[in-house]
Amino acid sequence: MKDIIQNGDLLVYLADNPLEVEAAQRLRYQVFYEEMGAVPSLTARREKIDTDPFDHVCDHLLVVDKSRSNGKPFVAGTYRLLRRSVANRADGFYSRNEFDLTSLMDYPGEIVELGRSCVHAEYRSGTVMQLLWRGIADYLDQHGIEMMFGCASFPGADPDAFRAGLSYLHRNHLAPEEIRPRARDTRFVDMDRHAPDALDRRSALSELPPLIKGYLRVGGVVGDGAVIDEQFNTTDICVIVECTNITERYRRHYRPSGTS
């Protein structure tokens, strides 16, 4: 990102020190483990922190409430960003353990993996997520990124609980074959789980988490197959968004004023 984005007491920027990264990791623990039922390691439970080996190479986008930051940043929302140019020098992408990313790795130009998105329970009116997207739009411009992708999750490890939503995505938003990731064979869960003549669009859309709906609004498409993540108690899909598919209206809405 080029600059700090500000909206009242809320600041949007990339973490630039270990204290800010740790604040994001503690929010992740609250949301993923305490709220959503992820299974922590003994160390994570003791320290109340969500970490993994990718954190040290990723950029961490933060929304910080400066009115509640007293010596430590109070993180209201966060996203983790990993560019291919960085991943290639490290251990690859996080989602490679769930999905075959060969098609994406053949994509020309810079790409970025989005992950670990979460918002503090007291800030879920929509403002913080909008600010995160403003920060992402600025990040895309700064690094010349042409495509973004990442795991997006349904809550819970039973795919039949949202079979209408998964089936709708598979039938209506499947990525073109040339950029289509596929769930690893050993973890593949068929997304087409609903009889075609019984699939109700309204019911299907009601099953989609807000983040997945947001990706669809900017032209997002999905990979083939879902994956059960037992540790995080989720059913994951791979979402891909070509940045050229993000309309100018959307970019103007989420970019800070005064930018072109």
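Residues numbered from 1 in each chain as written. Predicted model: local features only at pLDDT ≥ 70, side-chain atom pairs only at ≥ 80, totals over all residues. Heavy atoms only, no water.

A. Representation of the pairing of strand 11 (residues 234–242) within the structure. Burial within strand 11 is extensive, with eight of its nine residues counted as buried. For strand 7 (residues 145–155) and strand 11, the ladder comprises nine bridges, and the chain directions are antiparallel. Its bridge partner being in strand 11, Met147 is matched across the sheet by Glu242. As defined by bridge partners, strand 9 (residues 221–222) adjoins strand 11 across two bridges and the pair is classed as antiparallel. (Buried < 20%, exposed > 50% of the residue type's maximum accessible area, 1.4 Å probe, protein only. Helix = DSSP H or I, 4+ residues; strand = E, 2+ residues; numbered from the N terminus. Pairing = 2+ DSSP bridges.)

B. Examining the packing of aromatic side chains more closely. Taken as a whole, this structure holds nine aromatic pairs when the rule is applied. Seen from their ring centres, Phe54 and Tyr94 are 5.8 Å apart, and the 80° between their planes marks the pair as edge-to-face. With Phe54 in the loop between helix 2 (42–47) and strand 3 (59–65) and Tyr94 in the loop between helix 3 (84–87) and strand 5 (99–100), the pair connects residues that are 40 residues apart, well separated along the chain. Phe54 sits in the buried class, given a relative accessible area of 8%. Connected via pairs of aromatic rings, a cluster forms that spans Tyr29, Phe32, Tyr33 and Phe232. The cationic tip of Arg80 hangs over the ring face of Tyr94; the distance from NZ or CZ to the ring centre is 5.5 Å. (Phe/Tyr/Trp six-rings, centres within 6.5 Å; stacked < 30°, edge-to-face > 60°. Lys NZ or Arg CZ within 6 Å of the ring centre and 35° of its normal.)

C. The arrangement of the side chain of Asp50 in detail. Summarising the element assignment, Asp50 is placed in the loop between helix 2 and strand 3. At 2.9 Å, the side chain of Asp50 forms a polar contact with the side chain of Arg116. In this view, Asp50 contacts Gln25, Arg28, Tyr29, Phe32, Tyr33, Asp55, Arg116 and Phe232; residues no more than four positions away in its chain are not counted. (Polar contact = N/O pair within 3.5 Å; in protein donor to acceptor, adjacent residues only side chain to side chain. Contact = heavy atoms within 4.5 Å.)

D. Up close: the pairing of strand 3. With respect to burial, strand 3 is a largely interior element, six of its seven residues being buried. Where strand 2 (residues 10–14) and strand 3 come together, five bridges link them in antiparallel fashion. Residue Leu10 lies in a different strand from strand 3, and its bridge partner there is Asp65. Pairing of strand 3 with strand 4 (residues 75–83) involves six bridges; the strand directions are antiparallel. Paired with His60 across the two strands is Arg80, which belongs to strand 4.

E. Fine view of empty space enclosed by the protein. Going through the model one piece at a time under the given rule, you end up with two cavities of 30 Å³ or more. The volume enclosed by the largest cavity comes to roughly 40 Å³. Lining the largest cavity, in full, are Leu114, Met148, Phe149, Gly150, Cys151, Tyr215, Val239, Ile240 and Val241. For the lining of the largest cavity, the elements supplying multiple residues, two or more each, are strand 7 and strand 11. Among the elements that take part in the lining of the largest cavity, strand 7 stands out by supplying four residues, more than any other. Tallied by class, the residues present in the lining of the largest cavity amount to eight nonpolar, one polar and no charged. (1 Å grid on protein atoms, 1.4 Å probe; cavity = no way out; pocket = protein on both sides within 12 Å on 5 of 7 lines; lining within 4 Å. Points joined across faces, edges and corners; volume = space filled by probe spheres on them. Nonpolar A, V, L, I, M, F, W, Y, C, P; charged D, E, K, R; others polar.)

F. Molecular detail of unusual backbone geometry. A positive phi is found at Lys48, a non-glycine position, where the angle reads about 55°. Of note, Lys48 is situated in the loop between helix 2 and strand 3. Overall, the relative accessible area of 42% leaves Lys48 in the partly exposed class. With phi around 50°, Arg116 is a residue other than glycine that occupies positive phi space. Secondary-structure assignment places Arg116 in strand 6 (residues 110–119).

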